[in-house]
Amino acid sequence: QVQLEESGGGLVQAGGSLMLSCAASGRAFNVYHLAWFRQAPGKERKFVARITSNSANTNYADPVKGRFTISRDNAKNTLYLQMNDLKPEDTAVYYCTADAKNLPTALATQPRFYDFWGQGTQVTVSS
């Protein structure tokens, strides 16, 4: 089991940038693939980005490709999401999660297959 804590959210104007962090505790952090999801009020939780345990591979949801970058620093037990050119439709609570099952690509974008979640951090983009 791993514990996750997101930070870095806030209010930003359209076109601006934010960097989110997810601090992890637990000795197994370095062996887990990690992902970011987001959830707007009244909406389903949606996939944003995923990174493998050794940072060898990343993948992104189509709406954020070219604007968001996922990265991790295993020495600091921290996951990051750099968000550039933010749009109002990016407004949501952002959650980090750990993949304890080594999910195949076809299932890795579905939140119901992940076990461990942080409390979320609010990102609000004004137009």
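I will try to describe carefully the structure that is included in this document. (Residues numbered from 1 in each chain as written. Predicted model: local features only at pLDDT ≥ 70, side-chain atom pairs only at ≥ 80, totals over all residues. Heavy atoms only, no water.)

## Considering the nonpolar core
A general feature of soluble globular proteins is that nonpolar side chains tend to end up buried together.
Here is step 1 of the chain: By size, the foremost hydrophobic cluster in this structure holds 29 residues, and its most contacted members are Trp36, Leu81, Met83 and Tyr94.
Here is step 2 of the chain: If you list the elements that add at least two residues to this core, you get strand 3 (18–25), strand 4 (33–39), strand 5 (46–51), strand 7 (68–73), strand 8 (78–83), strand 9 (92–99) and strand 11 (121–126).
Here is step 3 of the chain: Leave out the neighbours within four places in its chain, and Leu81 touches Leu18, Met19, Leu20, Trp36, Val48, Ala49, Phe68, Thr69, Ile70 and Tyr94.
Here is step 4 of the chain: If you look at the next biggest cluster of nonpolar residues, it comprises seven residues, including Ala35, Phe47, Ala61 and Leu103. (Core = buried A, V, L, I, M, F, W, Y, C linked by side-chain atoms within 4.5 Å. Buried < 20%, exposed > 50% of the residue type's maximum accessible area, 1.4 Å probe, protein only. Helix = DSSP H or I, 4+ residues; strand = E, 2+ residues; numbered from the N terminus. Contact = heavy atoms within 4.5 Å.)

## Let's talk about the pairing of strand 3
Here is step 1 of the chain: Covered by surrounding structure in strand 3 are Leu18, Leu20, Cys22 and Ala24 only, the residues Met19, Ser21, Ala23 and Ser25 on the alternate face being uncovered.
Here is step 2 of the chain: In terms of strand pairing, strand 1 (residues 3–7) meets strand 3 through five bridges, oriented antiparallel. What sits directly across from Glu5, in strand 3, is Ala23. (Pairing = 2+ DSSP bridges.)

## Let's talk about the state of the cysteines
Here is step 1 of the chain: Inspection of every chain in the model, using the stated rule, returns one disulfide.
Here is step 2 of the chain: Across the disulfide from Cys22 sits Cys96; the S-S distance is 2.0 Å. Disulfide Cys22-Cys96: the torsion about the S-S bond is 55°, which places it as right-handed. Within this pair, whereas Cys22 is found in strand 3, its partner Cys96 is found in strand 9, the two being separated by 74 residues in sequence. Grouping residues by exposure puts Cys22 and Cys96 together as buried. (Disulfide = S-S within 2.5 Å.)

## Observations concerning the sheet that holds strand 1
Here is step 1 of the chain: If you walk across this open sheet you meet the four strands as 1-3-8-7, and the pairing is antiparallel. With partners counted over all chains shown, the strands left at the sheet margins are strand 1 and strand 7, one partner each. With strand direction ignored, the average angle separating the axes of adjacent strands in the sheet is 15°. (Axes fitted to C-alpha atoms, helices over the stretch in contact; angles between N-to-C directions.)

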